[in-house]
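Working through the structure, step by step
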Amino acid sequence: MNVSDNYRNAWESYWSETSEGRGEAIWDADPSLSAGPHSALLLPHADPARTIVDLGCGNGTQTRYLATRFARAVGVDLSHAAVEHARRAENAGTVEFQQLDLTDTGAVRALHERLGDSNVYMRAVIHQSEPAARPAVAAAVAEIIGAEGRAFVVELTSGSRDVLQRAASDPGGPGPKLQRVFHHGLKPADADDAEIPRLLTEAGLKILAEGETALPQTENLADGTRIDLPAHWFVLAGA
């Protein structure tokens, strides 16, 4: 299946209306808080000589960091506007970006055929995907890593809903970055906690390691506390 037009348009409009400054997207955290520690969890299991594919790369902040830890990084995103943001940023020769719908099985397979078995980095994509599309997103991870690649997947847990509710109920309402997420109809922390590992294993992925973490955001609560969203991470291999 492919994603719905409403879902595609929501992401296209979000990225079209988001400026290119660092941290303008609420999840555009500095790599020292995101891809950095995540790479440290992945690298004991993964071959850094392989390409790493950043699924749902957005404006490419994390992708550019990943290119410093792996031989090459490829960032893919559903949104053309996001990919254009990423391409306009300063990029080294070991980074590339392309538009890709992770539910388009043929396009995902073609990417795997071009790159070979690759590592995958996927941060908070399944939880906000449409329910019917989630199995295909998990399957895309399995397709791209093949037999030899490894994946790092981190997804928001149900505890994030409480944090987001607190942020939304602050005096004056949610901050402008979170408000923009809601305005465009995006749905963070929409998946149940048990759904993520089930989808991954049903896609033929083997969990090598896992743990609890938090995904720092680029906006604060009214009391000045940074919004940190509870999450769960997995390091995965092909079954």
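For the structure itself, look to the data block above.
The structure contained in this document is the topic of the report that follows. From a predicted model like this one, the values you see are computed outputs, not experimental measurements. (Residues numbered from 1 in each chain as written. Predicted model: local features only at pLDDT ≥ 70, side-chain atom pairs only at ≥ 80, totals over all residues. Heavy atoms only, no water.)

For the rest of this paragraph, the subject is the sheet that holds strand E7 (residues 226-238). What the 7 strands build is an open sheet, ordered E3-E2-E1-E4-E5-E7-E6; its pairing is mixed. Looking at which strands have only one partner, the edges of the open sheet turn out to be strand E3 (95-99) and strand E6 (205-220). Here the average twist between neighbouring strands, direction ignored, is 20 degrees. Of the strand pairs in this sheet, strand E2 (residues 72-77) and E3 are connected by 5 bridges, and their pairing is parallel. Bridge pairing links glycine 75 to phenylalanine 97 in E3. The strands touched by helix H2 (residues 35-42) are strand E1 (51-55), strand E4 (119-123), strand E5 (150-156), E6 and E7; relative to E5, the strand with the most contacts, the crossing angle is about 135 degrees. Each of E1, E2 and E3 is contacted by helix H5 (residues 105-115), which is oriented at about 170 degrees to E2, the strand it contacts most. (Pairing = 2+ DSSP bridges. Helix = DSSP H or I, 4+ residues; strand = E, 2+ residues; numbered from the N terminus. Axes fitted to C-alpha atoms, helices over the stretch in contact; angles between N-to-C directions. Contact = heavy atoms within 4.5 Å.)

This part covers the side chain of threonine 18. Within the element layout of this structure, threonine 18 appears in the loop between helix H1 (5-16) and H2. Judged by relative accessible area, threonine 18 falls into the buried class, the value being 3%. Engagement of the side chain of threonine 18 in a polar contact is seen with the backbone oxygen of tyrosine 14, the distance being 2.7 Å. Of the polar contacts made by the side chain of threonine 18, one reaches the side chain of arginine 180; its length is 3.4 Å. The residues touching threonine 18, leaving out its near neighbours within four places in the chain, are Glu24, Ala25, His85 and Arg180. (Buried < 20%, exposed > 50% of the residue type's maximum accessible area, 1.4 Å probe, protein only. Polar contact = N/O pair within 3.5 Å; in protein donor to acceptor, adjacent residues only side chain to side chain.)

With that out of the way, let us pick up the side chain of arginine 134. Its place among the elements puts arginine 134 in helix H6 (residues 134-145). Within the structure, the side chain of arginine 134 is placed 3.1 Å from the side chain of glutamate 195, a separation counted as a polar contact. Here arginine 134 is in contact with Ile126, His127, Ser129, Asp190, Ala191, Glu195 and Leu199, once residues within four sequence places are set aside.

Take the packing of H1 against helix H4 (residues 80-88) next. Orientation of H1 relative to H4, taken along the N-to-C sense of each, is 35 degrees, at an axis distance of 7 Å. The segment H1 lies against H4, with Glu12, Trp15 and Ser16 engaging His80, Ala81, Ala82 and His85. In the contact of H1 with H4, the residues fall into 3 nonpolar, 3 polar and 1 charged. (Nonpolar A, V, L, I, M, F, W, Y, C, P; charged D, E, K, R; others polar.)

Our focus in this paragraph is the nonpolar core. Ranked by internal contacts, the top residues of the largest apolar core, which has 44 residues, are Trp11, Tyr14, Trp15, Leu42, Ile52, Leu66 and Phe152. Residue contacts for leucine 42: discarding those within four places in its chain leaves Ile52, Phe70, Val120, Arg150, Ala151, Phe152 and Val235. Ranked by size, the runner-up nonpolar core spans 29 residues in total, among them Val76, Leu111, Met122 and Val137. (Core = buried A, V, L, I, M, F, W, Y, C linked by side-chain atoms within 4.5 Å.)

Inspection of the entire model under this criterion finds 12 salt bridges. Connected via shared salt-bridge partners are Arg72, Glu96 and Arg114. (Salt bridge = Lys/Arg side-chain N within 4 Å of Asp/Glu carboxyl O.)

Remember that the coordinates give geometry; whether it matters functionally is a separate question.
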